[in-house]
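Here's the letter readout for the chains.
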Amino acid sequence: MNHDDEAHAVTSTLYAPPTENVTRRLLRRVLDVVLPAACVACNKLVREPADSLGLCDDCRGHLVRWPSRCCATCGKTLDASHLPASYRCGECRRQEPPCAVVLSGWSYQPPIDAVLTGLKFRRLEYLGGQLARELARLFRDRLTDCDLVVPVPLHWRRYLSRGYNQAAAIATPLAAELDLPTASVLRRRLSTPAQSQLRRVERTGNLKGAFSVKRPSLCAGRHVLLIDDIVTTGTTVNTAARCLLNAGVASVTTLTAARTP
Ligand SMILES: [Zn+2]
Ligand SMILES: [Zn+2]
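A short note on the coordination of the zinc ion (ligand 2)
And then number 1: Binding of the zinc ion (ligand 2) to the protein goes through C71 (SG), C74 (SG), C89 (SG) and C92 (SG), at separations of 2.3 Å.
And then number 2: The motif formed by the donor residues of the zinc ion (ligand 2), counted along the single chain, is C-x2-C-x14-C-x2-C. Pair noted here: C74 is in the loop between α3 (57-60) and α4 (90-94) and C89 is in the loop between α3 and α4, with a separation of 15 residues, a long-range link.

Quick look at the packing of helix α6 (residues 126-139) against helix α8 (residues 166-178)
And then number 1: Where α6 meets α8, the axes come as close as 8 Å, and the angle between the chain directions of the two elements is 45 degrees. Judged on the interaxial angle alone, α8 and α6 are oblique. You can see that α6 and α8 cross each other, and the crossing is right-handed. Seen from α6, the contacting residues are G128, G129, L131, A132, R133, L135 and A136; seen from α8, they are A169, I170, P173, L174, E177 and L178.
And then number 2: Of the residues contributing to the contact of α6 with α8, the split by class is nine nonpolar, two polar and two charged.

Observations concerning the sheet that holds strand β7 (residues 223-231)
And then number 1: Pairing is parallel in the open sheet, where four strands are placed in the order β3-β8-β7-β4. Among the strands making up the open sheet, the edge pair consists of β3 (101-107) and β4 (148-151). Direction aside, neighbouring strands of the sheet carry axes that sit 20 degrees apart on average.
And then number 2: Summarising the sheet, β7 and strand β8 (residues 251-259) pair through eight bridges and their orientation is parallel.

Topic: α8
And then number 1: With 13 residues, α8 ought to run about 18 Å at 1.5 Å a step, and its terminal C-alpha atoms sit 19 Å apart, in line with that.
And then number 2: Within α8, the full set of buried residues consists of Q166, A167, A169, I170, A171, L174, A175 and L178.
And then number 3: Where the residues of α8 are buried, they touch α5 (112-121), α6, β4, α7 (156-162), β7 and β8.
And then number 4: Taking the backbone nitrogen of A167 as reference, a side-chain oxygen 2.9 Å away marks N165 as the first, capping residue of α8.
And then number 5: Remark: D179 follows α8 within two positions and exhibits a positive phi of approximately 60 degrees.

Re the coordination of the zinc ion (ligand 1)
Around a metal, the perfect tetrahedron of four donors has angles of 109.5 degrees, and the perfect octahedron of six donors has angles of 90 or 180 degrees.
And then number 1: The coordination sphere of the zinc ion (ligand 1), as far as protein atoms go, consists of C39 (SG), C42 (SG), C56 (SG) and C59 (SG), spread over 2.3 Å.
And then number 2: The coordination sphere of the zinc ion (ligand 1) comprises four donor atoms, whose angles at the metal cover 104 to 116 degrees; the geometry is tetrahedral.
And then number 3: The sequence motif formed by the donor residues of the zinc ion (ligand 1) is C-x2-C-x13-C-x2-C. Placement of the pair is C42 in the loop between β1 (37-38) and β2 (45-46) and C56 in the loop between β2 and α3, with a sequence separation of 14 residues.
And then number 4: Residue classification places C56 among the buried residues on the basis of a relative accessible area of 1%.

Concerning the pairing of β8
Along any regular strand the residues' side chains alternate between the sheet's two faces.
And then number 1: With respect to burial, β8 is a largely interior element, nine of its nine residues being buried.
And then number 2: Of the pairings in the sheet, the one linking β3 to β8 comprises six bridges and is parallel in character. Among the inter-strand pairings, L103 is bridged to a residue of β8, identified as L255.
And then number 3: Each parallel crossover has a hand, and the one from β7 via helix α11 (residues 235-246) to β8 is right-handed.

Description of α5
And then number 1: Counting buried positions over the ten residues of α5 gives ten, a clear majority of the element.
And then number 2: When α5 is considered as a whole, its buried residues turn out to be I112, D113, A114, V115, L116, T117, G118, L119, K120 and F121.
And then number 3: After α5 finishes, the residue R123 shows a positive phi value of roughly 60 degrees.

Here is what the cut-offs are and how they apply
- Residues numbered from 1 in each chain as written.
- Chains lettered and ligands numbered in written order.
- Predicted model: local features only at pLDDT ≥ 70, side-chain atom pairs only at ≥ 80, totals over all residues.
- Heavy atoms only, no water.
- Donors = N, O, S within 2.8 Å, 3.2 Å for Na, K, Ca; no water.
- Helix = DSSP H or I, 4+ residues; strand = E, 2+ residues; numbered from the N terminus.
- Axes fitted to C-alpha atoms, helices over the stretch in contact; angles between N-to-C directions.
- Parallel < 35°, antiparallel > 145°, perpendicular 65-115°, else oblique.
- Left-handed = near helix turned anticlockwise from the far one by under 90°.
- Contact = heavy atoms within 4.5 Å.
- Nonpolar A, V, L, I, M, F, W, Y, C, P; charged D, E, K, R; others polar.
- Pairing = 2+ DSSP bridges.
- Expected span 1.5 Å × (residues − 1).
- Buried < 20%, exposed > 50% of the residue type's maximum accessible area, 1.4 Å probe, protein only.
- Polar contact = N/O pair within 3.5 Å; in protein donor to acceptor, adjacent residues only side chain to side chain.
- Tetrahedral: all angles 85-135°; square planar, octahedral: opposite > 155°, others 65-115°.
- Right-handed = clockwise from strand over helix to strand, strands pointing away.

Next up, the structure:
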């Protein structure tokens, strides 16, 4: 499933105005505690434990981690076995990519696709916190060099239609887990057409100039942990990372909840 396709199809049709008033939010919290919730993937009723990613036990058992046999830099899966953990793919050896490391929690397939769809399109913003706790548990040891968490931004038009940025919904609680500051220093300048609507060869050019840095002084010299919900071609995170590096950031590590296989 391609999330950008959905972004265009769904935001305009399914989404009511984004603001949820405090009473309704409180009521929802109370109902979550009192009533069983439905698994976001299979709809089976479950009494939702705090860190289930909204999934029943069965579905949780089917989560597929992003393979560890991947390029140490860009994170693309590698066919060969018995490679050292530090092995880098030919592309990364030929030209240093803007992201020093790209890490992803899960392969974008059922049931994590339903979790991310829930976060992005069903207004289940609390799933961001659960993803953040899980990602912190999985990757804490590999993020010790990072000293600032930055979410990949939405263009303001899409932000208004959704009511929140799903990357920030993960980044903010993740920063708290890691005891790091967070700063939304990136701005999305262009409302770019969905990446999926373009042929692969057109994609790189599509995002040129798509990001700018609002307050370079907040991130200059920092080792940024860039957060997004999903990485597909890598163009978005690489373009954002290049923009951060141009603004004086020392290095960029990218962490996404999922990655398309
Ligand atoms: Zn389920
Ligand atoms: Zn690579």
